[in-house]
Each structure stands twice: as C-alpha cells, then as structure tokens.
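Examining the three-dimensional arrangement
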Amino acid sequence: MSREAKRTTVLEVGDDGVALITIVNPPVNALTADIFHSLSESYEQALGREDVKAIVVTGAKGIFCGGFDVSGFGGQKHQEEQTRPGYTSVDFFTDGLEGAKKPSVAAIDGVALGGGLELAMVCHARISTATARLGLPELQLGVIPGLGGTQRLPRLVGLSKSLEMMLTSKAVEGTEACILGLVDAVVSPNELLPTARKWALDISQCRRPWVASLYRTDRLGSLKDTRQILKFARSQVKKQALNVKHPLICIDVVEEGIISGPQAGLWKETQESQQLQKSYTTKCLVHVFFAQRGALKVPGITDRGLMPRPLNKIAVLGGGLMGSGIATALILSNYSVILKEVNEKYLHAGIGRVRANLESHVKKGKMTEEKLERTMSLLRGVLDYESFRTVDLVIEAVIEDVSLKQQIFAELEKYCSPYCILASNTSTIDLTIIGERTNSLDRIAGAHFFSPAHVMPLLEIVRTRHTSPQVVVDLLNIGKKIKKIPVVVGNCTGFAVNRMFFPYTQAALLLVERGTNPYRIDDAITKFGMPMGPFRLADLVGFGVAIATGMQFLEKFPERTYKSMLIPILQEDKRAGESTNEGFYQYDQRRKATADPDLEKYIEKARSISGVTVDSKLVNIAEDDIVEMIFFPVVNEACRMLAEGIAVKAADLDIAAVMGMGFPPYRGGIVFWADSLGSKHICSRLDEWSKMYGDFFKPCPYLAERAAKGIPLSLSSDQANSRL
Ligand SMILES: C[C@H](O)CC(=O)SCCNC(=O)CCNC(=O)[C@H](O)C(C)(C)COP(=O)(O)OP(=O)(O)OC[C@H]1O[C@@H](n2cnc3c(N)ncnc32)[C@H](O)[C@@H]1OP(=O)(O)O
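Residues numbered from 1 in each chain as written. Predicted model: local features only at pLDDT ≥ 70, side-chain atom pairs only at ≥ 80, totals over all residues. Heavy atoms only, no water.

**Details of the sheet that holds strand β3 (residues 54-59)**
Strands pair in a sheet through their backbones, by hydrogen bonds, and they do so in one of two ways: parallel or antiparallel. Here six strands make up an open sheet; going across it, the order is β1-β2-β3-β4-β6-β9 and the pairing mixed. Two strands close off the open sheet at either side, each with one partner strand: β1 (8-13) and β9 (185-186). Relative to strand β4 (residues 104-108), β3 runs parallel, the two being bridged by three bridges. Within the sheet, the bridge partner assigned to Val57 lies in β4 and is Ala106. Contacts from helix α1 (residues 33-48) reach β1, β2 (18-24), β3 and β4 within the one sheet, and its direction differs from that of β1 by about 15°. (Pairing = 2+ DSSP bridges. Helix = DSSP H or I, 4+ residues; strand = E, 2+ residues; numbered from the N terminus. Contact = heavy atoms within 4.5 Å. Axes fitted to C-alpha atoms, helices over the stretch in contact; angles between N-to-C directions.)

So this is what it looks like as structure tokens:
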C-alpha cells in the first residue's frame, strides 16, 4: 500500500463511552490535508454520537504525531490544497475541538512534535509515556508553530520555558514534560490508552478539571516579568540568529497573545506562519531536513535489501583527542568499547579524556554521577590485540602516519575475525594505501569523525571501490545509532569536508596576500553565517594541522593549490594559533581574540615570497565579493567531487557542508546555495578571477559545462543528460 493510501484516522467507540481516534499516516503520522479532513470527520461523528461521552486521540504504531507534513513547505513540492486562513487553527482546533461539548485527552507515545503537540495541547489533558518526546521544533524548519503552539505552550509551561523550547527547537521527554505541566500523567506504554480513556471519562463526569489551555493564565507571570523575559529572548536571538527573521517573529507572536489576548495571538500566528511556510529560508531548511534523511539512502548500497549486522563490541585504536572522543560517542550509546594504546601512560591519559568528556555532561546537568560510572564501565583499556579476536568493528584513530597505519591494519587482519570491519578515522589518507598490506580491502572503510567527536554531528563514511556494500550498511546503521549524521563519500584526499575546506582557506590566503584585510574577511564570512571566518578557524585548529593537510593537497592537486607561505612563516615565529596565544589573532587568558597589528609584517613577508603585489581592487573589495571569492572555489571543488563520483548526490555535499563545515543551514548547503545564484554567474566570476589571479580559480569542466547549458549543479548526471 502506498503512503498516500494509508493517510486517515480511525474511529473506534468502546463500551465505556470513549471514542478512540487514531491517526494513521506512517511512518510518523504527519498531518496532511487528508488527515485533517479525516480527523474532522471522526470528531464530528464522535461529537454527534449519543453513546460517546469523551474522546481520546492517539497515533498508530506507538507514534502520536510528527507534526505537519513539511514536504509542501517552501514550495518543495506541490502544496496541498489550502483552506481558508485560520480555518484549522481557529475554527477546527480552537472552536471545534478545544471548545467542544465533549472532552478530549491525548494519549502520547513516540513523538508529539510541531502540529502533533499543538493537537495534543488543544485536548483537555495529556497522558504520555516516560520516553515520549514532546516539542515545537518548527523554528529549525524556518517556520513558527501555526496551530496555536505559540499561545498554548506558554500558558502550560510558563513563558521562559516555552520560549526556550521553541527557540532551541528542543523536545522534552515525557517525565520532564510532566514536571513542567505539559502533560498530566506519565504511564507505561501498556497503561497509556486505559489511563487516557479513564481520564477522559473523569473529565466528562467532572471528577477532573476540564481545562482549555488557551485560556489559562496561571502560568503567565506579571506584565513586568513578561516584558523582561521577552527583551532577554530578543537580545539572545539577535546575537545568535543572524540573517533569519522567523525567531523574532515567533517572539512577536507570543507577545501579541499575552498582551492582546489569545484570540489575537492565534490570528497573528496564523498570518505569520502562512507567510513563513512560503519563505526561501524555509525552503532551504526543509531541503536540509530531507537531504539529511536522503544521505542514508545510497544508490547501489542501501537498495539491495541488506540488513545491518549487529555490531556489539567495538575497539578504538588510539586514546588521543579523536580516539577518546569516538570512544565517548560509542559508550554514550551503550556500546561496549575496548580502547587500545601503546603504553600504560597513554592508556591512562586516553581513559582520562573519556572520563573528562562525560564529566562535562555531568557539569551541564545532562548526566548523573551514577550514569557516568555506568557508562564508564562499558569502556575497557588494553595494551595488546588479544581481546580484538571478538570485536565486530575496529576504528583506528592514531596519528596521520601512512606506514604506521599500514602496519596497524596488517596486525588487525591477523587478530580480528574475518567478519570484523576495519575502519580508519584518517582525515586525508587514501584508504587503499592504508590497507595495502592486507587482503581485507573489502572490509576496510573510513569512519571520519570531526573534533570533538562526541559532540560534532557529522560522520563521513568513506568507501573505496573495494569496500563491500554490507560494510557501508553496517557503518550507516552504527552512525545512526550513535546519533551522528552519516554521509557516504568516495575515497580521495581530504574526502568531502576537508576537500571543501581547503579551497576555502586558500582563497582567504590569496586575498590577504593581495591586500584584503584578514579581519574584514573573517567579518564578512561570519556575517554570511559561518560560525567563524577562515583565519579564526585556522587559529582554533592550530597551524600544525593546517600545514600537514596543506602538504597533502599540494602533492595531490598541485595545479590548483595556491602556495602561500603565510601560515608556515607565522608558525616559524612560534605563532601557531590559539594554543600559543598568537596566530592571526592575539588571545587573552579567556581566549578572547583581538586583531593583531603585528600581523601585517608577516603578510608582507609572505607577499614578497609569493612575488605578488597589492591589488587596490582587493584592498577595497566589497563584503559580498569577499563571500563569492571565498566560496566559489569551494563550489568549484564540490563540482569536481560530483564529477568524480566522490559524492553521489549534490544533497550529500550540502549535508557535509552544513554539518562538517558549519555552512549556514538556512542557505540550504553549498550546492543548494550555488544553484540559487546560478551556475552561469559562478562560472563567469571564476573565469574572470582565474585570468587575473591564476588557475586556483579556474572553473572545472563539470561547472563550465553546466554553466554553458544553464543546468543546475545539483541535477544528477542522468537528469542533466536528459535535459541536454
Ligand atoms: C503548523 C505546524 O506548527 C508546523 C509543523 O508541524 S512543522 C513540523 C514539525 N515537526 C517536525 O519538525 C518533526 C520532523 N521530524 C522529525 O524530527 C523526525 O522525523 C522524527 C523525530 C519525527 C522521527 O525521527 P526518525 O524515527 O529518526 O525517522 P526519520 O527518518 O526522521 O523520519 C521517517 C520518515 O518520515 C519523514 N518525516 C518525518 N517527519 C516528517 C514531517 N513532519 N513531514 C514530512 N515527512 C516527515 C522523513 O522524511 C522520513 O522519510 P523517509 O523514510 O522517506 O526518509
């Protein structure tokens, strides 16, 4: 049966006089026009039947509701027929359901998100399981809650908490929701429906209060407190949410409801949310939402019907910064982990790092001391390979030394079972070279984490042409289980993320040598939406890493590497970035970065080594042009990766850019953004710069061909060919 055919609600009336309405729209029971239509019919029937005293609303298969079907947002695909503005929120939800003559209770398991929670808040009580997740994550999709969420949530949990939940898009679990007052009782999944039914009958017979959330005022503070909370929220949003307007609109709508009353708030919410659903920001964020899920679907791999094998025991080789972070991520998801080091001292330090990572969770209140100890008990330190005989997956995370890695993989082959996956966390080295001294190339893959590995969301899964599809399926599964966003990429120097980062840094160095102020570059790039500019980032990562990876790229892609000596010169003078308190910036004891007037002399030295002169156009370059000169070479590199098949879909590079580079999600990712500007524009600018500043900017054939034919960069080759 197709997904469309299953979109409905089911009404069952029990002998107890309770009508159970179940939303059925797998996989997450999202709300569509069909579902609203069917929900409305089910309600009408239940309200009209004399044998029905009360109503319970729930979702099929243990999931209450994942909210609005967002596939129509931002014009992603044909939007379903629109009803009159305010019909669903005011006429149906508020007047029809909340104002009905029979009470409703929501029985929540799985998730109640977005419109799902809004439906639950219209009910007169909510019962949930302890692990159900409830939230209004609309802002992460560029919209605001549009079915009364901005009005009811503050009235149920208070203004501060409601703003926190909406502005961070974070859900709360049933237990916390109960403490907050968002749900009325937490029960086991087996008790969920019986309790909800009883509760609904109790309300109908006045044994429990009949509460319409929209009109509650007891959780709203004084007007003075309200103004202060709203002022603080606005100031935070202005600092954090650059280039987007929906978080401030959300606060305005909440304020309208508190100042002018909930009906006025509902109307403002309706108007604003309908506008935002059509916005370009929403289109970008919805693209990222689906691209993230699409990254789990790899043609030729995940469509073969392979099932992931259970990987119970995992070994991590190397307890340094990366290895300890990876081990932390694994034990946090309940995997048994063996951490191997070469001697007691390093092992002790590695285990200490894992403990410190968990301790920071305790400090932030995300974990109890007791949970910390339980989690640590999943980690065992070893100094040899004896215990590797029973592991299902090894992740090597030692220093970037090819011959050391080759030796390790040869040893692993001797000790591990023939089914054990042998993965490397290398960030740049070719995996076939790492596995050269083994006969196990089919089970060798990259599992490239980003530092700090237990925090950063992206996991690059690197497959070589030898890696078996089963290994990729297993790694995708483990990535999902440890709550990472996995992207499968091909084997090449730097894989996807570092390959994009490289031209990014190089373009910045080229501009500086020709006269652009580095701090203006960082400023322009930060205003564009990156978490920091290329120079601040180089300081953070440290120049040792920048030089080592630079060498790899120079070796592999000499024709398009801009050879600046600026970073090595700084390093020579013991300015290696934040760790030495000096790099492109100066750092105080609190790690605050300030511009350094001394930097100019190093730039001049680098300029004279490169033999370039200051170009007045680049001294006075506009901010928009800085952004283009930094990011168009990145787009060019992304095009090369698509041409080479390193990424099978443009959307995978969008995810790699957003999750690995910090590219602003509200611009949709690197290729999505590039297509919004047009391949012709990008190609002609690169062409112009390559004539002035060299081959570093030269458009690659993939880009040049698509620009010449006016084809979007994101179109797959098959689609592009059929358009030719
Ligand atoms: C007016 C209202 O205020 C506006 C709204 O309600 S906006 C929507 C608010 N809701 C959300 O943001 C929730 C979005 N969904 C999620 O966070 C997660 O999907 C979830 C927590 C519900 C489930 O997570 P998980 O179990 O990992 O499954 P996940 O792979 O994400 O989703 C399963 C499938 O459902 C789809 N899906 C999930 N939520 C969807 C939604 N709201 N609309 C459309 N499709 C959705 C996914 O794309 C995926 O499709 P696929 O199988 O074809 O790839």
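**So, helix α14 (residues 369-376)**
Among all positions of α14, only Leu372, Thr375 and Met376 are buried. In an axial view of α14, the angular spread of the buried residues amounts to 95°, which keeps them on one side of the axis. Those residues of α14 that are buried are in contact with α12 (321-332), α13 (344-363) and β12 (379-382). (Buried < 20%, exposed > 50% of the residue type's maximum accessible area, 1.4 Å probe, protein only. Arc of directions from axis to C-beta.)

**Some words on the UniProt feature "domain: 3-hydroxyacyl-CoA dehydrogenase C-terminal" (unreviewed entry) in the protein**
Under the present numbering, the feature "domain: 3-hydroxyacyl-CoA dehydrogenase C-terminal" (unreviewed entry) in UniProt falls on residues 494-587. Strand forms 3% of residues 494-587 and helix 63%; the C-alpha atoms that close the span are 29 Å apart. (UniProt positions renumbered as here; feature names shortened; annotations may be inferred.)

**Observations concerning the domain arrangement of the protein**
Under the domain assignment used here, the protein contains domain 1 (3-278), domain 2 (313-491) and domain 3 (498-723). Using only C-alpha atoms to locate each centre, domain 1 and domain 3 end up separated by 44 Å. (Domains from an automatic or database assignment.)

**Things to note about the pairing of strand β16 (residues 458-463)**
Counting buried positions along β16 yields five of six residues, so the element is predominantly enclosed. The sheet contact formed by strand β15 (residues 444-449) and β16 spans four bridges and is antiparallel. Within the sheet, the bridge partner assigned to Phe449 lies in β16 and is Leu459. Traced from β16 through helix α17 (residues 469-481) to strand β17 (residues 485-490), the parallel crossover comes out right-handed. (Right-handed = clockwise from strand over helix to strand, strands pointing away.)

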